[in-house]
Amino acid sequence: MAAPLRIGMRRSMRITQKAFFTECIMAVVYEFVWRMLHALLHLQRTLLSWNWRLWRRAMTAVLVPTVFGFQNHPHNNKKLIPTGGKKSCCRVLWKSDGKSLEKLPLHIGLLIAEEETRYTDIANLVVWCMAVGISYVSVYDNQGIFRRNSSRLMDEILKQQQELLGLDSLKYSVEFLNNSNDKPEQQVLSCQATVKVLSPDDGKTGIVTAAQKFCQLVEQQQKRSSDLDVNMLDSMLRGTKGMPDPDLVMKFGTVDSTLGFLPWHIRLTEIISFPSHINITYKHFFSALKCYAGCEQRLGK
Amino acid sequence: MSSTEQSKTKLNQTPTTQRMSWIHKGELTLIERLSANILKAGPMPKHVAFIMDGNRRYARKLHVERQQGHTQGFDKLAETLRWCLNLEIREVTVYAFSIENFKRAKDEVDGLMELARQKFSRLLDEQEDLEKHGVCIRVLGDLTLLPLDIQKLIAQAVLATKHHNKCFLNVCFAYTSRHEITNAVKEAAWGVEQGLIKPSDVSEFLLDECLYTNNSPDPDLLIRTSGEVRLSDFLLWQTTYSCLVFQSILWPEYSFWNLCEAILQYQLNHQALQKARDQHAEARVLQQLEADRCCAADLLQQTGLGKPVDPQLRQEALQKYTAEREERVHSFLTALQEKRDRFFTDLNKGFIASAKA
């Protein structure tokens, strides 16, 4: 091989090696910077979550004896039993809070996207919903934990209802629906709120079941495929209990996703997020309702 | 200069040819490239969906015509597609026009249809560019609701780019998710009517394949601009385990940094969402197995062998049933794809015929 050609080839090989080496170094640098950035963001998120929980707990511990005295804090040894007067004061306050808003959601979904769950806090949220005037409340987690422990949740809700709303708690009676096919767990005379416990089975699986039912009707020649429209499928999915679509979903946890919550029903649902449901206060719950009241739905127009 | 004035100046400076193009020409600045490289060290979304909200509010803010807002919105889409290509995000789905938007004032709807006419015609002029970048355009929605000439333009664009496979742009036009899901169930029912599948074959997987988005994976990331925090009937089925990012910026003001912020959010959620998705996939497999087992057991009973006790027999029946079901589903999906292709080719034939006339 001619000498200039050999020199040329060696030079180009050196340049290629140099470029390759630079690229490797840069890849390591980028990865390092990325890891640092994510470490910082994770730290920020963890601190926010701790701060949220600790601050809520601190506020509860400080305010509870002095102001309302109604939170039965699991870490307190003293059981703070509110007097009848204070409970009725809360009840009236919450009811008037609800009336003061421009619009109130008819149905609120409580989406718990956290590993740790505290039934007392969820029960508080449900009771606040009822007190403020919400007619339908759903509780959901993407692993079906609440579905499997629905009686425990129900007990907790009834207990908190008694704690927070006192003597008039019978007025705020609750109908529990575990399953669209089941009869209500507790039959009451004057039903003011309906609580439903949901899991991913009520989402896509529900749509698949409705699809199979329709296909069976088509197979039996009771319907044609062209007969199906959005309204028909909607009424099939709503079932006999006919809960309205959730107007508002309160999502608790740092995961930014609906995690399979009623995909068909949330087409116009506002989604408001909180870092955690643990030690959630009424103030934050109500701030979400205020946010909902302020939002404008143009419905495509 | 206030941001409103800056936006107005930019509006007047952008050359018409660049404004019309579907994918902006141009590369990232050095800082943008560095940031992109840092982001790419972590998991990147392969499919991003955008709800491009805020065009009208932007127009009001700048005191210009609504139509200008929509045109700027399209321009921003072209820019965003360029950024996505630079970030190696190969698939983008956008919510261009909802069925609900037909409720708007006639002049606005007509203006949007005219914009669509211009853009899809322009697309046909840019075929070389699209081939060079390997861009496949799909239009998802109930296209029969659109004016016939737009349907034909769309058909041409879709057929012309059908075999490109480097990157994918899905434009949701005359679309709502509920219509899409209802249509998927109708297609499954059509399959039953044709004797291709049984009602018990209908599963989550089958409905996935009957949706308009059957050729795309579920979006990893959904971004909605203008501060609204709802899905507005967009990809409700497909985004159950997607990372949802709601940003308050108006769509025509969207920047590369907004996109980076959204991707960072995706990266923070990646592990948790992957875990949830995997759990759901496992549950789905078990559900299907259980359903197959029931059907196979029913079949054995029907063949008059009484209650099948022999586990070996049951296992064989299950395997046979599963294989047959998969075969049925496969032929149904092939027939469905042919039906869908015929819709576009028929439109295209009509287009060519009317062009020749």
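What counts and what doesn't
Residues numbered from 1 in each chain as written. Chains lettered and ligands numbered in written order. Predicted model: local features only at pLDDT ≥ 70, side-chain atom pairs only at ≥ 80, totals over all residues. Heavy atoms only, no water. Helix = DSSP H or I, 4+ residues; strand = E, 2+ residues; numbered from the N terminus. Buried < 20%, exposed > 50% of the residue type's maximum accessible area, 1.4 Å probe, protein only. Contact = heavy atoms within 4.5 Å. Areas by Shrake-Rupley, 256 points an atom, 1.4 Å probe, with all protein chains shown as cover. Lys, Arg positive; Asp, Glu negative; His and termini not counted. Charge placed at Lys NZ, Arg CZ, Asp CG, Glu CD. Expected span 1.5 Å × (residues − 1). Core = buried A, V, L, I, M, F, W, Y, C linked by side-chain atoms within 4.5 Å. Buried area = accessible area lost by both parts, 1.4 Å probe. Salt bridge = Lys/Arg side-chain N within 4 Å of Asp/Glu carboxyl O. Patch = residues over 30% accessible without salt bridge, like charges linked within 9 Å, V, L, I, M, F, W, Y side chains within 5 Å.

**Q** Is there a simple way to think about the overall build of chain B in this case?
**A** Within chain B one finds 12 helices and six strands. C-alpha atoms of chain B, sized along the principal axes, occupy 85 × 55 × 40 Å. Taking all 357 residues of chain B together, the buried fraction comes to 55%. Across chain B, every contact between residues at least 6 apart in sequence was considered, and the portion connecting residues at least 24 apart equals 80%. In the form shown here, chain B has an accessible surface area of approximately 16,100 Å², with 53% of it arising from carbon and sulfur atoms. Across chain B, the 45 positively charged side chains and the 47 negatively charged ones have centroids separated by 3 Å.

**Q** Before we go on, may I ask you to explain helix α6 (residues 106-125) of chain B in this structure?
**A** Turn by turn, an α-helix covers 3.6 residues, leaving residues three or four places apart pointing in a common direction. Counted at 1.5 Å a residue, the expected span for α6(B) with its 20 residues is 28 Å, and the 29 Å between its end C-alpha atoms agrees. Those residues of α6(B) that fall on the buried side of the exposure criterion are B:Glu108, B:Val109, B:Gly111, B:Leu112, B:Met113, B:Leu115, B:Ala116, B:Lys119, B:Phe120, B:Leu123 and B:Leu124.

**Q** Explain the nonpolar core to me, please; I cannot follow it from the model alone.
**A** Considering soluble globular proteins, one finds that nonpolar side chains tend to be buried as a cluster. Core analysis: the largest hydrophobic core is formed by 86 residues, its most contacted members being B:Trp22, B:Phe50, B:Phe120, B:Ile154, B:Leu221, B:Phe234 and B:Leu259. The next biggest cluster of nonpolar side chains, apart from the first, holds 43 residues, and it includes A:Trp128, A:Phe146, A:Leu248 and A:Ala288.

**Q** Honestly, the interface of chain A and chain B in this entry has me stumped. Any pointers?
**A** Interfaces are frequently sized by the accessible area removed from exposure as the parts join. Counting residues at the interface gives 55 residues for chain A and 58 residues for chain B. Both faces combined, the contact of chain A with chain B buries some 5,000 Å², and carbon together with sulfur accounts for 61% of it. Taken as a group, A:Tyr30, A:Lys204 and A:Arg267 account for 15% of the area that chain A buries against chain B, more than any other trio of residues on that side. Taken together, the connections running from chain A to chain B amount to six salt bridges.

**Q** Sorry if this is basic, but what is going on with a positive patch on the surface here?
**A** A cluster of basic residues, A:Arg6, A:Arg10, A:Arg11 and A:Arg14, forms a positive patch at the surface. With respect to the element layout, A:Arg14 can be found in helix α1 (residues 3-66).

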